[in-house]
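# Geometric and topological summary
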Amino acid sequence: MRKNYLLPVLTGLCLSLSSNLLFAQDEKLDLTTIQKIRDEGLQHSHVMDIAFHLTDASGNRLTSSPGFFRAANYAKQQLAAWGLTGAALDPWGDFGKGWELQKSYLAMTAPYYKPLIAFPKAWCDGTSGAKSAAVLLISATDSAGLDKYKGQLAGKILILDVNETYQQSFKPDATRYTDAQLDSMARIVPDTSNARRRRGGFNRPSMIMANTLRKMAAGEGAVAILSMTARGHDGTIFVQGGGAYKADAPANFLDIVVALEDYMTIVRLLKAGTPVTLDADVKTKFETDDTKGYNVIAEIKGTDKKLKDEVVMLGAHLDSWQSATGATDNAAGSAVMLEAVRILKTLGIQPRRTIRIALWSGEEEGLLGSRGYVKKTFADPATMQLLPAHEKLSGYFNIDNGTGKVRGIYLQGNEACRPIFTKWLEPFHDLGAATVTISNTGGTDHQSFDAVGLPGFQFIQDEIEYSTRTHHTNMDSYDHLREDDLKQIATIVAAFVYDAAQRDEKLPRKPLPQPRPTGRGGF
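Being a predicted model, the structure only gives us computed values, none of them experimental.

### What to know about helix α3 (residues 47-54)
- For α3, the complete set of buried residues consists of Val 47, Met 48, Ile 50, Ala 51 and Leu 54. For α3, the arc enclosing every buried residue in end-on projection is 155°, short of the 170-degree limit, so these residues lie on one face.
- Those residues of α3 that are buried are in contact with α4 (66-81), α8 (327-346) and α13 (483-502).

Next comes the structure, spelled out in structure tokens:
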């Protein structure tokens, strides 16, 4: 007799759907309080003032930089002023050196004068005063090709020969999800395969050549290396780190990212045989007095005798890259999380469970702040030895996809939460938030919780111009924030956190993952 392998699958699916329907029917909403949250969040918002203090007033928030600590201390002081308890800068482990750019000037002076759109990579050394230097074109495809340039680098600014042609996209910079796209996300079927998705790898030969060139440049006394990316055009440049930042790491050789148009102008001139001279004056400072990393933590204490020791968390990463003030990545997320707890405190809400806010550092370097916090508070994914607090966490909610309004939430594979979140979104359908997708989304701090079997969720947000214009660029400033969208996000997050804090049971969990002893402490 032929075995029907499909029957158990269909039976399980039917049982899951039946269970979800029961969950949806049982899920209760305090619509009176939710309406108050809507009124406060949409009509009396402070979110743009908070965002101003995290951006314009603080400067860039590179982890452990002076700007980061200005923003972190502002957040700590505001949380305490709003009445949250235990507001503190909480150390999560060793990070490394802070870094500050104190001066940056780059201009072409021959064959004619032209100011250049340029920004140094983080954790690079400076020029040790103003320098006027000839530019040397490096035409090599691998490390062996660099040998012919040995002995020629002293006092030069180096530029790699590339053949890049600017291509117009003919697409708008800013977009929102269409109804069809959201419907497609909601209909995604859970992936039950064990296949692991692999990210696109780095171009290893190019990395080796770049590292070799940096060592040669430093050893021979060159002034700087110029870099570019094909996406860095129309005045926008994508700038991140220039190398190691650990406390004992040497300063990285100066690497300056230049806009595509300026970079290619220099390359074309040099290939045509026209000498190019640049003036460069870059001053940087390393902060080494305290090399630990810090998150900002505060709480609204729970009031229910049985549930007050359980915790609902909300958070966002506070750190940014250095070429702007990190408005959409991720002052937006930090501002709406601060606004969410302000709303709850302003309304005098007494949650059953404790509500804890966390603003993370070191996210841009690999989710370091949230990983460090999870490891010391809940569990180490390398061993999966659970700490007592692991059992007490109901869930964690994260924002880190720019300034676009919430359109729904990613379940991160936690199907049991679908009917719960579907119900919680009902009061916000009129604000455009209704989609629940089984999909995972990565690259941000909810993954640190998910890695140890804790419910961690990221909201679906409209893209706006996140990937095209602001993410990790010199354009990521306050001006690119959308006030109405941020009000909507803060309101929905405040409601979700309130719903989770008031719920009779903690949020459902996925099965515990197996220990993962390799890579970044198991994460």
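### What about the pattern of salt bridges?
- For the coordinates displayed, the defined rule picks out 31 salt bridges.
- The salt bridge involving Arg 176 is made with Asp 485; its shortest N-O contact spans 2.8 Å. Of this pair, Arg 176 sits in the loop between β6 (157-160) and α5 (179-186) while Asp 485 sits in helix α13, and the two are 309 residues apart along the sequence.
- What emerges from the salt-bridge pattern is a single network uniting Arg 176, Arg 407, Asp 462, Arg 482 and Asp 485.

### So, the packing of α3 against α8
- Across the interface, α3 lies against α8 with an axial gap of 9 Å and an inter-helix angle of 135°. As judged from the angle between their axes, α3 and α8 are oblique. Seen along the crossing, α3 lies across α8 with a hand that is right-handed. For the pair formed by α3 and α8, the contact residues are Val 47, Ile 50, Ala 51 and Leu 54 on the first element and Ala 331, Ser 334, Ala 335, Val 336, Leu 338 and Glu 339 on the second.
- The class makeup of the residues in the contact of α3 with α8 is 8 nonpolar, 1 polar and 1 charged.

### As for unusual backbone geometry
- Along the chain, Ala 110 connects to Pro 111 via a cis peptide bond; the corresponding omega equals 15°.
- Along the chain, Pro 111 turns up in the loop between β2 (98-110) and β3 (114-115).
- In this model, Asp 329 is joined to Asn 330 through a cis peptide bond whose omega is 5°.
- Inspection of the secondary structure assignment puts Asn 330 in helix α8.
- Of note in the backbone geometry, Met 384 takes a positive phi value of approximately 55° without being a glycine.
- Inspection of the secondary structure assignment puts Met 384 in the loop between β13 (379-380) and β14 (385-386).
- Met 384 sits in the buried class, given a relative accessible area of 11%.
- If you check the backbone angles, Gln 412 has positive phi at about 55° while not being a glycine.
- For Gln 412, the position within the fold is in the loop between β16 (406-410) and α10 (418-425).

Cut-offs and rules
- Residues numbered from 1 in each chain as written.
- Predicted model: local features only at pLDDT ≥ 70, side-chain atom pairs only at ≥ 80, totals over all residues.
- Heavy atoms only, no water.
- Buried < 20%, exposed > 50% of the residue type's maximum accessible area, 1.4 Å probe, protein only.
- Helix = DSSP H or I, 4+ residues; strand = E, 2+ residues; numbered from the N terminus.
- Arc of directions from axis to C-beta.
- Contact = heavy atoms within 4.5 Å.
- Salt bridge = Lys/Arg side-chain N within 4 Å of Asp/Glu carboxyl O.
- Axes fitted to C-alpha atoms, helices over the stretch in contact; angles between N-to-C directions.
- Parallel < 35°, antiparallel > 145°, perpendicular 65-115°, else oblique.
- Left-handed = near helix turned anticlockwise from the far one by under 90°.
- Nonpolar A, V, L, I, M, F, W, Y, C, P; charged D, E, K, R; others polar.

That is the geometry; function is a separate question.
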